[in-house]
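Report on the structure
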Amino acid sequence: MTASEPTKPADAEPQGETSPLRFTTPESFDIVARSHPEWLTGVSSVVCVPTFRRPDMLEATLRSLSAQAGGHDFAVVVVENEGSERAGAARAKALLEAGLFKGFVIVEPRQGNCKAYNAAWRCALTRFPALQQVLGIDDDEEAEPGWLDAYLAAAAEAPAELFGGSVKPVFADRARAWLAAHPVFRSHYSRSGPVPMLYSSANYLIRRGVLERLGFPFLDERFDFTGGGDTDFFTRAKAAGFRFWWVQEAAQRENMPARRSEFGWIAARALRNGAISAAIERRQNPGVIGRLWVLAKSAALLAACVPRGVALGLRTGSGTIGLYHAQVALGRLMSEFGIANEQYRKPEKN
């Protein structure tokens, strides 16, 4: 992307369906700003950025994208998921028109984490005829200068279709930096290479063929407010035979406000992680026998949480971190009774 490239409104309508994937429902999003179609024709990499009521942080995210090394041509799709005030869309529109990035600013007025991703990926598939991969970063994250270059280098060589990268938490309360060792904040992997599966959409590269194969809606919108739509998507991708790769050098920083270092927030996230894992397993194992198997696994994890928690607490030197396995097991059991923490119901408090 050339940051200095002037941005002008497109007079023509969107180019329409450029993917063999056919959509049976109308688009749910509105386009509020876009670059001229001629500037997007050859773009093969599109970075999707969902946002909700964080215009200042969104701007920091977009500026980190504009500072990417390597001279790669790419575009950005910003998807605003707040349908009334639209502060993020307004900020992104101004930055697009100022030439900071090229691409689209869209609004998905139906609130929901999965709805936002579905809108962004659909926009990428239908507006970029040369699209090869979608990448993602959240509006509370900033990409390191070598982020895109590391991903594209790996995608050019690695025998995989889905890629993930590291996310380093940056705590507003620096005295709580030790929480970076907590599983709630720690990346799942730390070494580049093939991995069994990805679990988070905080930092990813996905080849377009994955989206076309799994179909629309890409993320199951029943996970909109609990989270876990990304894990469910990656689980289905694995079942379809797609391969996963970790790119440690494709690094991002995630800003952690003070509330995320509070015990209550961390415990709620751990309970949520347990509920999500059980919900996905129940989908994979339908029927009475499958339900009993998931329940038995939850009970076994609860029984094992004490020795596992003691080991984790001793290894990290933190009783708070040591509680994680018990909280996950409890979250799994609570989900059996329909109790799930909807942390994304009010994203501004997440």
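Up top is the structure these notes are about.
Okay, so let's go over this structure. Since the structure is predicted, the reported quantities are computational estimates derived from the model, not experimental observations.

1. Examining the layout of surface pockets
As a volume, the second largest pocket reaches approximately 230 Å³. Forming the boundary of the second largest pocket are 14 residues, of which Arg222, Phe223, Thr226, Ala279 and Arg282 lie nearest the centre. The element that contributes the greatest number of residues to the lining of the second largest pocket is helix H7 (residues 263–284), accounting for six residues. When grouped by side-chain class, the residues that make up the lining of the second largest pocket number six nonpolar, three polar and five charged.

2. What about the nonpolar core?
By size, the foremost hydrophobic cluster in this structure holds 43 residues, and its most contacted members are Trp121, Phe128, Leu162, Ile206, Phe218 and Phe233. Ranked by the residues each element gives to this core, the list is headed by helix H3 (residues 113–127), at nine residues. Counting 33 residues, the second-largest nonpolar core is a separate cluster that includes Val76, Leu100, Ile137 and Ala250.

3. Considerations on a nonpolar patch on the surface
A cluster of nonpolar residues, Val288, Leu292 and Leu295, forms a patch on the protein surface that exposes about 290 Å² of accessible area. Its place among the elements puts Val288 in helix H8 (residues 287–316).

4. Examining the state of the cysteines
One pass over the structure, following the stated rule, counts zero disulfides. Unpaired in this structure, Cys48 has its nearest cysteine sulfur neighbour in Cys123, at a distance of 7.9 Å. Judged by relative accessible area, which is 1%, Cys48 ranks as buried. Cys114 takes part in no disulfide bond, and the closest cysteine sulfur, belonging to Cys48, lies 14 Å away. The exposure class assigned to Cys114 is buried, which follows from its relative accessible area of 0%.

5. Digging into the packing of aromatic side chains
The tally for this structure, following the rule as stated, stands at 13 aromatic pairs. For the ring pair Trp147 and Tyr151, a centre distance of 5.7 Å and an interplane angle of 80 degrees mean the geometry is edge-to-face. Placement of both Trp147 and Tyr151 in helix H4 (residues 147–157) is noted, with a separation of four residues, approximately one turn of the helix. Overall, the relative accessible area of 0% leaves Trp147 in the buried class. Since its relative accessible area comes to 0%, Tyr151 is described here as buried. With a centroid separation of 5.3 Å and 80 degrees between ring planes, the pair formed by Phe216 and Phe218 is classed as edge-to-face. Residue Phe216 is classed as partly exposed on the basis of its relative accessible area, which comes to 30%. The buried category is assigned to Phe218, whose relative accessible area is 0%. Feature note: the residues Phe23, Tyr117, Trp121, Tyr204, Phe216, Phe218, Phe233, Phe234 and Phe244 constitute an aromatic cluster, connected by ring pairs. Sitting above the plane of the Phe216 ring, Arg122 keeps its charged end 5.0 Å from the centroid.

6. Looking at the packing of H7 against H8
At their nearest, the axes of H7 and H8 sit 9 Å apart, and the two run at 150 degrees to each other. When the axis of H7 is compared with that of H8, the two are roughly antiparallel. For the pair H7 and H8, the sense of crossing is right-handed. Taking contact as the criterion, the partners of Ala278, Glu281 and Arg282 in H7 are, on H8, Arg291, Trp293, Val294 and Lys297. In the contact of H7 with H8, the residues fall into three nonpolar, no polar and four charged.

7. Here's the deal with unusual backbone geometry
Put simply, Phe216 and Pro217 share a cis peptide bond, and its omega is 0 degrees. Within the element layout of this structure, Pro217 appears in the loop between helix H5 (208–214) and helix H6 (229–239). Within the chain, Arg53 stands out as a residue other than glycine whose phi angle is a positive 55 degrees. Along the polypeptide, Arg53 turns up in the loop between strand E2 (45–51) and helix H1 (55–66). Positive phi, normally seen in glycine, also occurs at Arg86, with a value near 55 degrees. Within the secondary structure, Arg86 is located in the loop between strand E3 (75–80) and helix H2 (87–97).

About the criteria used
- Residues numbered from 1 in each chain as written.
- Predicted model: local features only at pLDDT ≥ 70, side-chain atom pairs only at ≥ 80, totals over all residues.
- Heavy atoms only, no water.
- 1 Å grid on protein atoms, 1.4 Å probe; cavity = no way out; pocket = protein on both sides within 12 Å on 5 of 7 lines; lining within 4 Å.
- Points joined across faces, edges and corners; volume = space filled by probe spheres on them.
- Helix = DSSP H or I, 4+ residues; strand = E, 2+ residues; numbered from the N terminus.
- Nonpolar A, V, L, I, M, F, W, Y, C, P; charged D, E, K, R; others polar.
- Core = buried A, V, L, I, M, F, W, Y, C linked by side-chain atoms within 4.5 Å.
- Buried < 20%, exposed > 50% of the residue type's maximum accessible area, 1.4 Å probe, protein only.
- Patch = residues over 30% accessible without salt bridge, like charges linked within 9 Å, V, L, I, M, F, W, Y side chains within 5 Å.
- Areas by Shrake-Rupley, 256 points an atom, 1.4 Å probe, with all protein chains shown as cover.
- Salt bridge = Lys/Arg side-chain N within 4 Å of Asp/Glu carboxyl O.
- Disulfide = S-S within 2.5 Å.
- Phe/Tyr/Trp six-rings, centres within 6.5 Å; stacked < 30°, edge-to-face > 60°.
- Lys NZ or Arg CZ within 6 Å of the ring centre and 35° of its normal.
- Axes fitted to C-alpha atoms, helices over the stretch in contact; angles between N-to-C directions.
- Parallel < 35°, antiparallel > 145°, perpendicular 65-115°, else oblique.
- Left-handed = near helix turned anticlockwise from the far one by under 90°.
- Contact = heavy atoms within 4.5 Å.

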